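# Architecture at a glance
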Amino acid sequence: MTSISQRPRSIRRPGSRILRSPFVSAIKAPVVCIGATLILWQFLAQFNAEGFPGPIQVISQTWDPYIIKPFYDDGGTSKGLGLQLLISLQRVAVGYALAAIIGIAAGLTIGLNRYLRRGFDPLIQVLRTVPPLAWLPISLLLFQQADTAAIFVIFITAVWPIIINTAVGISEIPQDYTNVARVLRLRKRSYLRDILMPATAPYVFTGLRIAIGLAWLAIVAAEMLKADGGIGFFIWDAYNAGGDTSTSQIILAIVVIGLVGLALDRLVGAVGAVVANGGRS
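Fair warning: this is a prediction, and the values are worked out from it, not measured in the lab. (Residues numbered from 1 in each chain as written. Predicted model: local features only at pLDDT ≥ 70, side-chain atom pairs only at ≥ 80, totals over all residues. Heavy atoms only, no water.)

## Some remarks on the layout of surface pockets
Taken as a whole, the largest pocket holds about 530 Å³ of empty space. Taken together, 19 residues form the lining of the largest pocket, with Leu-112, Ile-170, Thr-178, Arg-182 and Tyr-191 sitting closest to its centre. Residues that form the lining of the largest pocket fall into these classes: eight nonpolar, five polar and six charged. (1 Å grid on protein atoms, 1.4 Å probe; cavity = no way out; pocket = protein on both sides within 12 Å on 5 of 7 lines; lining within 4 Å. Points joined across faces, edges and corners; volume = space filled by probe spheres on them. Nonpolar A, V, L, I, M, F, W, Y, C, P; charged D, E, K, R; others polar.)

Listed below in structure tokens is the structure:
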């Protein structure tokens, strides 16, 4: 017989179980903070004398065609935001791939040779601090084409963190690893595959992760000054066109740029985690 003093067990409702799920717990804070920011932005926009749009106005003014028709093409540079984004991503893919290949190769060479590391370090430290747009006039003089110049700007901006992190990763390899390789008389190929690459992979992907952010930053800046199409061109074209919806178009493009940059960063980070774990997910 059940005692009267015993309390009945509380019945968990399905809704409470959903609210306590890991997914909801993970997104709760971002949703609350981002929602509060949007509400504050919309509130402050009501008191702006210049008519700076709030989030509701941005969506309403860019809904057709920029949001619901991102891939429209009216010829020339009159393209939807999705097509402009693809143009920028193609340029970034080429420049970033070149930076990754040359940067890793140069980082390995410099990292394995102490003389080269000391000799090139001052030059690398100077060049890596040059802003991306400072390379644009030189790239235009060298290549005479806006697209090729933009790709060069991406390459020259993204290559330095890859070189530096790869070289640092090699210099941080414990001496015991090298001693064991010598005792076992490993061939150079086996040393590179079994010791050097696994030990330096986290450093290399840290450089690649930094580089993808710099590459995305560089392409937007380069396209705003000299390019036919692209997300940076879209922003500059909207500014020059003026009109009631130009500010909303610019804000929409900025949001898209940020989201794509976040996605690229997470993608490189995820690939790096898989490689660092030896291919295990």
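Continuing now.
## Comments concerning the packing of aromatic side chains
Enumeration according to the criterion identifies six aromatic pairs in this entry. Ring geometry for Tyr-66 and Phe-234: centres 5.5 Å apart, planes at 75°, overall edge-to-face. Linking Tyr-66 in helix 3 (residues 55-67) with Phe-234 in helix 10 (residues 231-241), this pair joins segments that are 168 residues apart in sequence. By relative accessible area, Tyr-66 is classed as buried at 16%. By relative accessible area, Phe-234 is classed as buried at 6%. (Phe/Tyr/Trp six-rings, centres within 6.5 Å; stacked < 30°, edge-to-face > 60°. Helix = DSSP H or I, 4+ residues; strand = E, 2+ residues; numbered from the N terminus. Buried < 20%, exposed > 50% of the residue type's maximum accessible area, 1.4 Å probe, protein only.)

## Observations concerning unusual backbone geometry
Of note, the amide linkage connecting Asp-64 to Pro-65 takes the cis form, showing an omega dihedral of 15°. Of note, Pro-65 is situated in helix 3.

## Examining the confidence of the model for the protein
The predicted model of the protein averages 84 in pLDDT, with 90% of residues at 70 or higher. Ranking the helices and strands of the protein by mean pLDDT puts helix 4 (residues 81-112) first, with 93, and helix 1 (residues 14-19) last, with 57. (pLDDT = per-residue confidence, 0-100.)

## Overview of helix 7 (residues 146-171)
The α-helix winds at 3.6 residues per turn, so residues separated by three or four positions along the chain end up facing the same way. Here helix 7 is 26 residues long and its end C-alpha atoms lie 39 Å apart, about the 38 Å a rise of 1.5 Å per residue gives. Helix geometry: helix 7 is bent most strongly at Val-159, by close to 30°, with proline Pro-161 lying one to four residues after it. (Expected span 1.5 Å × (residues − 1). Bend = angle between axes of the 7 residues up to and from the residue.)

## Topic: the environment of Leu-40
Mapped onto the elements, Leu-40 comes out in helix 2 (residues 22-45). When the C-alpha atoms of Leu-40 and Pro-53 are compared, they prove to be 12 Å apart, with 13 residues separating the residues in sequence.

## Some points on the nonpolar core
Of all hydrophobic cores here, the largest spans 48 residues; its most connected members are Leu-81, Val-92, Tyr-96, Leu-208, Trp-216, Ile-219 and Ile-231. Here this core gets 13 residues from one element, more than from any other, and that element is helix 7. Setting aside anything within four residues of it in sequence, one finds Trp-216 in contact with Leu-85, Ser-88, Leu-89, Val-92, Ile-231, Ile-257, Val-260, Gly-261 and Leu-264. (Core = buried A, V, L, I, M, F, W, Y, C linked by side-chain atoms within 4.5 Å. Contact = heavy atoms within 4.5 Å.)

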